[in-house]
Every structure is written in structure tokens, then in C-alpha cells.
Amino acid sequence: AGHVLEVEDLWVKYYTMSGVVHAVSGVSFKLRRGEMLAVVGESGSGKSTLAYALMNMVPKPGKIVRGRVLLGGVDLLTLMTEELRKVRGSRISIVFQDPFTTLDPLRRVVDQFTEFLMEHGLDKATALRVAREYTEAVGLPERVLESYPHQLSGGQKQRVAIAMAISLSPEVVIADEPTTALDVIVQKQIMDLIDDVRRKYKSSFILITHDLALALERADTVMVMYGGYVMEYADKSELVRDMRHPYTRALLESLPRLGQRGLPSFLPGYPPDLRNPPSGCVFHPRCPLAREKCRAEQPQLVEVSKGHYVACHYAGVVK
Ligand code: ATP
Ligand code: MG
């Protein structure tokens, strides 16, 4: 009880000319009201595909082959186009890395914002009032509404995208690498803004990032993905206290640390080709602890302590 979003055994594949890409494999999690979940992993680990699947908008040639995405008990994967259109943006919304995915650079912000709201049933006057209110809520001056997106800075555009994403009070906001394209100072401002709106509007956030440090700084819970699978999933504090998966540890060790001499260690090798994933544990070719069992048998995600899940044959012993 008390969960706004429940994802059950989600599988997504891309059917390409050169083979089937196993992009998201058996992902399950639950999101509480107001929670910030960070989904962390290297490039190609399936983070964006997961985000699209949660919105039931996986692009071709991708297909959700299995699973449920329950938002307030309703499975988004069973909704018809028209019902989905209503839900997207109003009950679950997304902020992309590149705000031009949301915003047409050549149309005034106010026109796009009010049009979005009117598509969700607001009349023109109300739409204008809501657009003004949320523009202010994300710390932008009202004149930004009269601008064209191409006249705005990266940070301003991302604020507009966030304003639109929260303007219909969705239960869940997904942010896919929302600060990756921004410089460090603006990154912090945007993350602070996301924290503020999360507290003020009590919406739940799914923050998608390749940056474990950002996840540990900002999130309540962290889900680590590799090769389309969940490797480890826990409350942030539990994860910091008792990090189990060798991949999570490798991510942590690859972070630069204050006062550290020399370069941080990094994980050798490359992420797997998901058209032809490795046998057994998808991480075994890069894992410093891999043994025969890891090549042969895929580890299940098991609860090693309350709310702390790990998919590793040796998670119990890699202390
Ligand atoms: P990044 O950090 O680079 O954004 P990601 O974790 O978001 O990576 P995805 O974009 O979800 O990863 O990709 C997961 C897998 O699916 C990768 O192997 C990728 O090559 C593949 N993939 C993604 N989009 C498509 C597509 N449109 N067609 C075919 N394969 C795709
Ligand atoms: Mg991505």
C-alpha cells in the first residue's frame, strides 16, 4: 500500500535488422509518494528504454514484450492511445536530457505550454494562468514565456521543461539525465529545483543518471542497472552502508574523490552487446570476482536484507 507506481517484471526488446536487442530485462520496483528513485548505470544499460517503457512510449523498433506498469492500480501498458494521451503529462511525465525533445525551438514558450495544457482539457485562460504560475515556481521571469526556446540558455530551457512536466501535478515525474547537458553550476541549480518541487508538490521522481555520486547525493533509493538487468536496489543509506554488488562497487570506485592521489580506478572492458548478451551473469566478463558459476548461471535478484536486493551469486561474500 502507499505506492504510486508499481512496475512488475518489465521486458523491452528492440527488433533491429541486425538482431534483437535485449534492452530491459525483468525490471520490477515500487515507488512511494514523494520518493526520489535514482536509476544508475553506464551508457547502454537500458535506463532510457526503461523510462520510455514507464510512459508506454517505447519507440520503434522497440516493443514491451512483458510486464505491468501500474499507476494508481491501472496498468498503463493496457491503455488505448486516447487514454494514454490523457495520462501522459498529467499523471506521469518526463523531462529529457535535451529540452528540444519537448520544446520546438521555433515556437514561443507560452504557445507550447498553453497548448500542452489545453490538450489536457484546460481552457485558454486557465492554461495561461497555470503556465504563468509554474514558470514562476521554477524560478523563471514571466518574460521567458514570450521567448522562443532557442533564445534561452540550457538551464532556462530545462526549467521550462520541468515547469511543463509538473504543471498538471503528476504523481510521477521521470527525469532522464536532466542535467547532463548543463555546466556544473547550472546542474546544481536544476537538481536543487527538482528537490524543491518534489517537496512542494509531493510528486515522486525517477532520476535517471550515469552518475552514482549524484544518485547518492539526491535520491532516497537507488537502482543500479547493467546490461538491462537490475544489479542492486536499496535505500541510499543502506547502499552506502553495505554495498554488495561488484558492479556497484566498481561504479563507486570510479568516482573521483576529494584528496585522492592519482586517478580513480575504472572498470576495464566494455558494456555488453545486448543483441548477444553474455551467458550467465551479464556482468561476468568484467567482474573481478567472476567464477565458473557466473558464466553458467544467471543470478536472481534476491533480498539480502530488508529492502536491499542484489543479483550476484557471491553478494553474500563480497563484503
Ligand atoms: P545512455 O546512458 O547512453 O543514455 P541508456 O542506459 O539510456 O544509455 P538505452 O538507450 O536504453 O540505454 O539503450 C539500451 C540498449 O538498447 C542499448 O543496447 C541500445 O543500443 C539499444 N537501443 C536503444 N534505442 C534503440 C533503438 N531505437 N533501436 C535499437 N536499439 C536501441
Ligand atoms: Mg539514455
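Preceding block: the structure.
Now for a description of the structure that goes with this document.

1. Focus on the overall build of the chain
Consideration 1: Broken down by element type, the chain carries ten helices and twelve strands.
Consideration 2: Here the chain has a C-alpha radius of gyration of 20 Å; the compact-globule value for 319 residues is 20 Å, and the two agree.
Consideration 3: Counting only C-alpha atoms, the chain reaches 65 × 50 × 40 Å along its principal axes.
Consideration 4: Looking at the chain residue by residue over its 319 residues, the buried ones come to 50%.
Consideration 5: Of the contacts formed within the chain by residues at least 6 apart in sequence, a portion of 65% connects residues at least 24 apart.
Consideration 6: Taken as a whole, the chain presents about 15400 Å² of accessible surface, with 53% of it coming from carbon and sulfur.

2. Overview of empty space enclosed by the protein
Consideration 1: Scanning all chains against the criterion turns up one cavity of 30 Å³ or more.
Consideration 2: In this structure, the largest cavity occupies an estimated 80 Å³ of space.
Consideration 3: Around the largest cavity, the lining comprises 14 residues; the ones closest to its centre are P246, C281, C287, C294 and C312.
Consideration 4: Split by residue class, the lining of the largest cavity holds eleven nonpolar, three polar and no charged.

3. Digging into the site of ligand 1
Consideration 1: Around ligand 1, a shell composed of 14 residues is seen, among which S43, G44, K47, S48 and T49 lie nearest.
Consideration 2: For ligand 1, an oxygen atom lies 3.1 Å from a polar atom in the backbone of G46.
Consideration 3: S48 is positioned such that a nitrogen or oxygen atom in its backbone is 2.9 Å from an oxygen atom of ligand 1.
Consideration 4: Across the complex, the protein chains shield 66% of the 630 Å² of accessible surface that ligand 1 would expose by itself.
Consideration 5: Contributing elements (two or more residues each) for the shell around ligand 1: strand 1 (3-16), strand 2 (19-32) and helix 1 (47-54).
Consideration 6: Counting residues per element, the shell around ligand 1 draws most heavily on helix 1, which supplies three residues.
Consideration 7: Tallied by class, the residues present in the shell around ligand 1 amount to five nonpolar, seven polar and two charged.

4. Quick notes on the side chain of T114
Consideration 1: Structurally, T114 can be placed in helix 3 (residues 109-119).
Consideration 2: When neighbours within four sequence positions are excluded, T114 is seen to be in contact with A127, L128 and A131.

5. Structural notes on the layout of surface pockets
Consideration 1: Counted as a void, the largest pocket has a volume near 850 Å³.
Consideration 2: Considering the residues around the largest pocket, the lining is formed by 37 residues, among which S28, F29, Y233, L301 and Y309 are closest to the centre.
Consideration 3: Residue assignment for the lining of the largest pocket shows that the elements contributing at least two residues are strand 1, strand 2 and strand 10 (229-235).
Consideration 4: Ranked by residues supplied to the lining of the largest pocket, first place goes to strand 2 with eight residues.
Consideration 5: Its residues assigned to classes, the lining of the largest pocket shows 17 nonpolar, ten polar and ten charged.
Consideration 6: Empty space within the second largest pocket amounts to approximately 470 Å³.
Consideration 7: Taken together, 20 residues line the second largest pocket, and the ones lying closest to its centre are R88, G89, T102, F116 and M164.
Consideration 8: For the lining of the second largest pocket, the secondary structure elements donating two or more residues are strand 6 (92-95), helix 3 and helix 5 (154-166).
Consideration 9: Looking at the lining of the second largest pocket element by element, the count peaks at four residues for helix 3.
Consideration 10: Considered class by class, the residues forming the lining of the second largest pocket number nine nonpolar, six polar and five charged.

6. Regarding unusual backbone geometry
Consideration 1: Going from K60 to P61, the amide bond is cis rather than trans, its omega being 0°.
Consideration 2: With respect to the helices and strands, the residue P61 is situated in the loop between helix 1 and strand 4 (62-71).
Consideration 3: Its identity as a non-glycine residue notwithstanding, D9 has a phi of 50°, on the positive side.
Consideration 4: With respect to the helices, strands and loops of the structure, D9 is situated in strand 1.
Consideration 5: Here D9 falls in the partly exposed class, since its relative accessible area comes to 27%.
Consideration 6: The backbone phi angle of N56 is positive, close to 50°, even though this residue is not glycine.
Consideration 7: Examined against the element boundaries, N56 turns out to sit in the loop between helix 1 and strand 4.

7. Considering the environment of T16
Consideration 1: Tracing the backbone shows T16 in strand 1.
Consideration 2: Among the residues examined, T16 registers a relative accessible area of 30% and is labelled partly exposed.
Consideration 3: Through-space distance from the C-alpha of T16 to that of G2 is 39 Å; in sequence the pair is 14 residues apart.
Consideration 4: Beyond its immediate sequence surroundings of up to four residues, T16 is in contact with V21, P61 and R275.
Consideration 5: One polar contact links the side chain of T16 to the main-chain carbonyl oxygen of G19, over a distance of 2.6 Å.

Cut-offs and rules
Residues numbered from 1 in each chain as written. Chains lettered and ligands numbered in written order. Predicted model: local features only at pLDDT ≥ 70, side-chain atom pairs only at ≥ 80, totals over all residues. Heavy atoms only, no water. Helix = DSSP H or I, 4+ residues; strand = E, 2+ residues; numbered from the N terminus. Rg over C-alpha atoms; globule rule 2.2 N^0.38 Å. Buried < 20%, exposed > 50% of the residue type's maximum accessible area, 1.4 Å probe, protein only. Contact = heavy atoms within 4.5 Å. Areas by Shrake-Rupley, 256 points an atom, 1.4 Å probe, with all protein chains shown as cover. 1 Å grid on protein atoms, 1.4 Å probe; cavity = no way out; pocket = protein on both sides within 12 Å on 5 of 7 lines; lining within 4 Å. Points joined across faces, edges and corners; volume = space filled by probe spheres on them. Nonpolar A, V, L, I, M, F, W, Y, C, P; charged D, E, K, R; others polar. Near = heavy atom within 4 Å. Polar contact = N/O pair within 3.5 Å; in protein donor to acceptor, adjacent residues only side chain to side chain.

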